[in-house]
Amino acid sequence: KLGLKVLGIETSCDDTGVAIVSCDRNILADALHNQAQIHLANGGILPPVAGYHHRANMEKVANEALSAAKLSMTDIDAVAATVKPGLSLSLEVGTKYGVFLSKRYQKPFIPIHHMEAHALTARLIDERVKFPFLVLLISGGHCLLALVQGVDSFLLLGKGLDNSPGEVLDKVHRRLKLRNIPELQNFSGGHAIEVMAEKATDRFEFPLQIRANSMVSCDFSFSGLLTNCFNIIATEEQKYGTSADGVIPSAPNLCAALQYAMTSHLCRRVEKAMIFVKGKQMIPSNNPSLVVSGGVAANKFIAKALNAVCDAHDYHLSVPPPHLCNDNGVMIAWNGVERLRENLGVLHWNNLDSVTIS
Ligand code: KG4
Ligand code: ZN
């Protein structure tokens, strides 16, 4: 049973990922094709373009994973694929390919929920993460806070009501023209803002614009931060102009203010959730875990602040390494392992007509 191997397929957005993970926590292969550079040229993800590149790479990435692990499909015990949520033109590629492999090699098929997979990844690399635990997912596409009670048992405590944190960082990054700064050229929006913020000399006046009604839950709102940044940038440009690369002189201070405001909002919501689950006795009192995942989890300033919140409330902070926080096949394969062990939603290869994407 320990040697059981699951092949996982991820194609919910713009990453074509195939990985093989065993029940004893070994990552036997991790193949990934990323479309980021292609979509950059289009100014964003066009779903038909994403679908086209998934189709063009699907089989190649799968074969890459199998040969990296020195395995053939006959050695695999089950196939798992992301079926929701995501772009349908992307999801259908991985789902169809997974169903095809499952039928052709007579292997069980396990449909995977992308968010469940993000939340469970930490358990692959950190044995201290036991059910129930809190999870904060922060990326370009998601923002949510949940209590994970079991493999398929989630209690949603808070969700993003508008822009996701990664989206805000990326939009401010573009508006600030930070890509024109040579040493930041190849950085993601969030990473460039993190580096700029370290050069701050002062903090901007930055009113926290969080809607009053969101105080009743652990929901998130970041649209006010975005408006705020755009307003400040316009004013600064008018008052002081920009340097030759088009960047305002106060960019580091603005980045620091944005990062601080975002961190503070995240920490408040996490703290509120900790107090709520403790009050309801939904989590053990002896050092439970907070898992932070998603692309924005790579931010050291945010991680440090969340670590302080964890210390204050006696939580263990678990942040998977960036390559496991982003979209990848490993998290899908691992979710498959977790489901296979408990026989949750494992489908027979003769019975896959009901598999739908959403
Ligand atoms: O999970 P992810 O790869 O994918 C999507 O959700 O699409 O997250 C990407 C996001 C981007 O918005 C990027 O700017 C952000 O993660 N990001 C960061 C950092 N590195 C990447 N945000 C803050 N600090 C970082 N160091
Ligand atoms: Zn994701």
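For the structure, check the block above.
Residues numbered from 1 in each chain as written. Chains lettered and ligands numbered in written order. Predicted model: local features only at pLDDT ≥ 70, side-chain atom pairs only at ≥ 80, totals over all residues.

Q: So what exactly am I meant to see when it comes to the overall build of the protein chain here?
A: Assigned secondary structure in the protein chain consists of 12 helices and 10 strands. Taken over C-alpha atoms, the radius of gyration comes to 21 Å for the protein chain, in line with the 21 Å a tight globule of 358 residues would show. Taking the principal axes of the C-alpha coordinates as reference, the protein chain spans close to 65 × 50 × 30 Å. Here the protein chain holds 358 residues, and 48% of them are scored as buried. Sequence-distant contacts in the protein chain: of pairs separated by 6 or more residues, those separated by 24 or more amount to 73%. (Helix = DSSP H or I, 4+ residues; strand = E, 2+ residues; numbered from the N terminus. Rg over C-alpha atoms; globule rule 2.2 N^0.38 Å. Buried ≥ 20, exposed ≤ 12 C-beta atoms within 10 Å, placed from the backbone. Contact = placed C-beta atoms within 7 Å.)

Q: Which parts of the structure should I look at to understand the pairing of strand β8 (residues 153-159)?
A: Successive residues of a regular strand alternate their side chains across the two faces of the sheet. Sheet topology note: the strand β7 (residues 143-150)/β8 ladder contains 6 bridges and is antiparallel. Residue pairing across strands places Val-148 opposite Phe-154, the latter belonging to β8. Linking two consecutive strands that pair antiparallel, namely β7 and β8, is a turn of 2 residues. (Pairing = 2+ DSSP bridges.)

Q: Would you mind showing me how to read unusual backbone geometry here?
A: The phi torsion of most residues other than glycine is negative, and most of the peptide bonds are trans. A cis geometry characterises the amide bond from Lys-84 onward to Pro-85, with omega recorded as -20 degrees. Structurally, Pro-85 is set in the loop between β4 (78-84) and α3 (88-105). Residue Pro-132 follows Phe-131 across a cis peptide bond; omega there is -10 degrees. Tracing the backbone through its elements, the reader meets Pro-132 in the loop between α5 (122-125) and β6 (133-138). Phi is positive for Asn-287, which is not a glycine, with a value near 55 degrees. Phi at Asp-314 is positive, roughly 55 degrees, even though this residue is not glycine. Mapped onto the elements, Asp-314 comes out in the loop between α10 (300-312) and β10 (316-318).

Q: Teacher, can you tell me more about the site of ligand 1 here?
A: Lining the immediate environment of ligand 1, one finds 19 residues, of which Ser-139, Gly-166, Gly-190, Gly-295 and Asn-299 sit closest. Only α6 (165-175) and α7 (189-197) provide two or more residues apiece to the shell around ligand 1. Element by element, the count of residues in the shell around ligand 1 is highest for α7, at 4 residues. Residue composition of the shell around ligand 1, grouped by class: 4 nonpolar, 12 polar and 3 charged. (Near = placed C-beta within 6 Å. Nonpolar A, V, L, I, M, F, W, Y, C, P; charged D, E, K, R; others polar.)

Q: What's the story with the environment of His-348 in this structure? I'm lost.
A: Along the polypeptide, His-348 turns up in the segment after α12 (329-342). For His-348, a count of 11 C-beta atoms within 10 Å gives the class exposed. Remark: the alpha-carbon pair of His-348 and Ala-273, spanning 75 residues in sequence, is separated by 39 Å.

Q: It is not clear to me how the packing of α7 against helix α9 (residues 251-279) should be interpreted in this structure. Could you clarify?
A: Helix-helix packing is characterised by the crossing angle of the two axes and by the distance between the axes. Contact geometry for α7 and α9: axes closest at 7 Å, N-to-C directions at 110 degrees. Comparing their axes, α9 and α7 come out roughly perpendicular. The two elements α7 and α9 meet at a crossing, and its hand is left-handed. Contact residues: Ile-193, Glu-194, Met-196 and Ala-197 in α7; Ala-251, Pro-252, Cys-255, Ala-256, Leu-258 and Gln-259 in α9. When its residues are assigned to classes, the contact of α7 with α9 shows 8 nonpolar, 1 polar and 1 charged. (Axes fitted to C-alpha atoms, helices over the stretch in contact; angles between N-to-C directions. Parallel < 35°, antiparallel > 145°, perpendicular 65-115°, else oblique. Left-handed = near helix turned anticlockwise from the far one by under 90°.)

Q: Can you walk me through the environment of Trp-334 in this structure?
A: Within the secondary structure, Trp-334 is located in helix α12. Taking C-alpha positions, Trp-334 is 6.8 Å from Thr-121, a pair spaced 213 residues apart along the chain. Beyond its immediate chain neighbours, meaning those up to four positions away, Trp-334 contacts Val-21, Leu-120, Thr-121 and Leu-124.

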